[in-house]
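Examination of the molecular architecture
Here is how the chains run, residue by residue.
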Amino acid sequence: MKRRDFLTIGAGALAAPVFIRNAFAQTPEVTLKMHHFQGPKAPSQVRMMEPWAKKIADDSNGRIKIDIYPSMSLGGSPGQLFRQAADGIVDIIWVVNGYSPGLFPRTEVFELPTIFTNNIAATNLAMADMFEEYIAPDFEGVKNLFLHVHGGQAIHMVSEPVHTIADTKGKKLRVPGPTGNAVVAAMGATPVTMPVPDLPQALSTHAVDGALIPWEIIPALQLQDFTQYQIEGPDKNRFGTTTFQVSMNEGVWEDLPEDLQEVISNNCGPDWLRQCAAVWRQNDEDGIKKAIDSGNEYIVLTEAEMKTFNDAFEPVIEQWIADHPDLDGRALVDTARQTIAKYS
């Protein structure tokens with residue numbers, strides 16, 4: 001045998017144990033199924049969930065693998081996602097809290113107009129700050145990994161512009177959940193609750209005149225083709241927002257080794273909540289650009305015009321407090337405002 005061939009074989013033999021060790025380190029010790037309702041190309045998956053899952057895999061040296069199943073591909077409806085996690089049908093879910101009406105009253109406070117105005121990061125951090133003392137009872141049966149909001153509810157209209165609250169009177173507007181119902185009712189409009197995927201057909205058939213939803217969804221649903229006007233307040237002020245959760249089955253969480261629990265927790269803390277906020281802000285910027293480039297009219301309300309809405313929203317806050325005496329709604333509202341302000 002030639003010396004060169006011998007050295008090659010020898011080097012390969014010496015390297016083999018290293019290769020085997022590396023391969024073993026990359027073999028997942030835990031594989032988790034993550035289920036959600038949006039499509040595989042949605043910004044929420046491509047820019048948030050996929051990088052988050054990859055970071056956890058990397059930080060665990062490949063011991064954790066998170067397989068993401070979009071578009072309700074494991075069955076059920078968006079409103080059933082929380083129960084799927086609680087019952088152990090799937091391991092992790094990402095879902096709008098309002099898709100399960102009545103289950104998450106404590107996070108509703110962050111969705112209310114004039115409490116959420118425009119600061120995504122501050123609101124994400126405030127929810128984390130307040131979780132143990134104020135929010136945790138809503139999440140029995142799961143390990144909540146993190147809560148977040150999107151850029152806030154803006155107004156999309158099929159054929160009529162909006163400048164003051166008088167312009168929404170008598171209209172039918174899509175809302176994402178319970179707090180949206182009260183907001184739209186305060187506008188003098190009729191709320192129509194529906195999941196995001198149903199919106200294009202509702203707009204095209206004039207089942208609704210418009211929608212409360214952030215800009216980020218425009219490209220995914222091609223909303224620029226079904227609407228002519230996009231409306232928000234000054235300095236990106238919005239008409240409330242939507243809370244989301246990423247939660248894990250409690251038993252699955254408890255079965256994880258402590259060091260893997262730590263890896264996941266480290267990827268759900270303040271740095272991630274700020275990064276998540278930046279993702280959703282960029283999603284929003286990309287969405288409104290899509291509408292403008294398509295020829296839609298982008299309307300930014302003046303301070304005086306926005307005040308016509310905010311004045312009408314004050315009774316919404318008071319009614320929410322009155323409707324939640326068992327939660328001490330007043331304390332939740334006041335603390336949410338103070339904590340968002342702290343992080344702003």
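What you see is a predicted model, and the numbers here were worked out from it, not measured in a lab.

Cut-offs applied
- Residues numbered from 1 in each chain as written.
- Predicted model: local features only at pLDDT ≥ 70, side-chain atom pairs only at ≥ 80, totals over all residues.
- Heavy atoms only, no water.
- Helix = DSSP H or I, 4+ residues; strand = E, 2+ residues; numbered from the N terminus.
- Polar contact = N/O pair within 3.5 Å; in protein donor to acceptor, adjacent residues only side chain to side chain.
- Patch = residues over 30% accessible without salt bridge, like charges linked within 9 Å, V, L, I, M, F, W, Y side chains within 5 Å.
- Areas by Shrake-Rupley, 256 points an atom, 1.4 Å probe, with all protein chains shown as cover.
- Salt bridge = Lys/Arg side-chain N within 4 Å of Asp/Glu carboxyl O.
- Lys, Arg positive; Asp, Glu negative; His and termini not counted.
- Charge placed at Lys NZ, Arg CZ, Asp CG, Glu CD.
- Buried < 20%, exposed > 50% of the residue type's maximum accessible area, 1.4 Å probe, protein only.
- Expected span 1.5 Å × (residues − 1).
- Contact = heavy atoms within 4.5 Å.
- Pairing = 2+ DSSP bridges.
- Axes fitted to C-alpha atoms, helices over the stretch in contact; angles between N-to-C directions.
- Parallel < 35°, antiparallel > 145°, perpendicular 65-115°, else oblique.
- Left-handed = near helix turned anticlockwise from the far one by under 90°.
- Nonpolar A, V, L, I, M, F, W, Y, C, P; charged D, E, K, R; others polar.
- Core = buried A, V, L, I, M, F, W, Y, C linked by side-chain atoms within 4.5 Å.
- Phe/Tyr/Trp six-rings, centres within 6.5 Å; stacked < 30°, edge-to-face > 60°.

1. With respect to the environment of W94
If you trace the backbone, W94 turns up in strand β3 (residues 92-96). For the pair W94 and L32, spaced 62 residues apart in sequence, the C-alpha to C-alpha distance is 13 Å. One polar contact links W94 to H148, side chain to side chain, over a distance of 3.0 Å.

2. Digging into a negative patch on the surface
Taken together, the side chains of E140, E250, E254 and D255 define an acidic patch exposed on the protein surface. Considering the arrangement of structural elements, one finds E254 in helix α9 (residues 250-255). Here E254 falls in the exposed class, since its relative accessible area comes to 55%.

3. Description of helix α5 (residues 120-135)
In this model α5 runs just 18 Å from its N-terminal to its C-terminal C-alpha over 16 residues, more than 12% under the 22 Å that 1.5 Å per residue would give. Along α5, the positions that sit buried rather than exposed are I120, A122, T123, N124, L125, A126, M127, M130, F131 and I135. The backbone nitrogen of A121 has a side-chain oxygen 3.4 Å away, supplied by the residue at the start of α5, namely N119.

4. What about the side chain of H324?
Note on placement: H324 falls in the loop between α12 (303-323) and α13 (329-343). Judged by its relative accessible area of 13%, H324 falls in the buried class. Polar side-chain contacts of H324 include one of 2.7 Å to the backbone oxygen of W320. Ignoring anything within four residues of it in the chain, the contact list for H324 reads P105, E108 and G329.

5. Points about the environment of R106
Relative to the assigned elements, R106 resides in helix α4 (residues 105-108). Relative accessible area serves as the criterion here: at 18%, R106 is assigned to the buried category. Once the C-alpha coordinates of R106 and T241 are considered, the two residues, 135 residues apart in sequence, prove to be 14 Å apart. If we ignore the near neighbours within four places in the chain, the residues touching R106 are Y134, I135, P137, D138, L327 and L332. In terms of polar contacts, R106 uses its side chain to reach the side chain of D138, at 2.5 Å.

6. Concerning the sheet that holds β3
Taken in spatial order, the five strands make up an open sheet running β2-β1-β3-β10-β4, and their pairing is mixed. The sheet is open, and its two borders are formed by β2 (64-69) and β4 (142-149), each paired with just one other strand. Averaged over all pairs of adjacent strands, the angle between their axes in this sheet comes to 20°, without regard to strand direction. Two strands pair when backbone bridges link them, and β3 and strand β10 (residues 243-249) are joined in this way by five bridges, in the antiparallel orientation. Across the sheet, residue V95 finds its bridge partner in β10, namely Q245. Across the sheet, helix α2 (residues 43-59) lies against β1 (30-36), β2, β3, β4 and β10, angled at about 160° from β2, the strand it touches most. Contacts from helix α11 (residues 270-293) reach β3, β4 and β10 within the one sheet, and its direction differs from that of β4 by about 45°.

7. A look at the packing of α5 against α13
Packing of α5 against α13 leaves a shortest axis separation of 8 Å and a crossing angle of 135°. Classed by the angle they form, the pair α5 and α13 counts as oblique. In this structure, α5 meets α13 at a crossing whose hand is right-handed. Here A122, T123, L125, A126, D129, M130 and Y134 of α5 lie close against α13, whose contacting residues are L332, T335, A336, T339, I340, K342 and Y343. Of the residues assigned to the contact of α5 with α13, the class counts are nine nonpolar, three polar and two charged.

8. Remarks on the nonpolar core
Ranked by internal contacts, the top residues of the largest apolar core, which has 104 residues, are W52, I66, L145, M187 and F239. In contact with L145, other than residues within four places in its own chain, are W52, I92, V246, S247, M248, W253, I264 and C268.

9. Some details on the sheet that holds strand β7 (residues 190-193)
Strand order in the open sheet made by the six strands is β7-β6-β8-β5-β9-β11, with mixed pairing throughout. Where the open sheet ends on each side, the last strands, each with one partner, are β7 and β11 (297-300). The mean inter-strand angle of the sheet, taken between neighbouring strand axes irrespective of direction, is 25°. Where strand β6 (residues 172-175) lies against β7, four bridges are found, and the strand directions are parallel. If you follow L173 over to β7, its bridge partner there is P191.

10. A few points about the packing of aromatic side chains
If you walk through the whole model with that rule in mind, you get 14 aromatic pairs. Relative to F139, the ring of F131 lies with its centre 5.6 Å away and its plane at 45°, an arrangement referred to as tilted. Assigned by exposure class, F131 and F139 land together as buried. Connected via pairs of aromatic rings, a cluster forms that spans F37, W94, Y99, F244 and W280.

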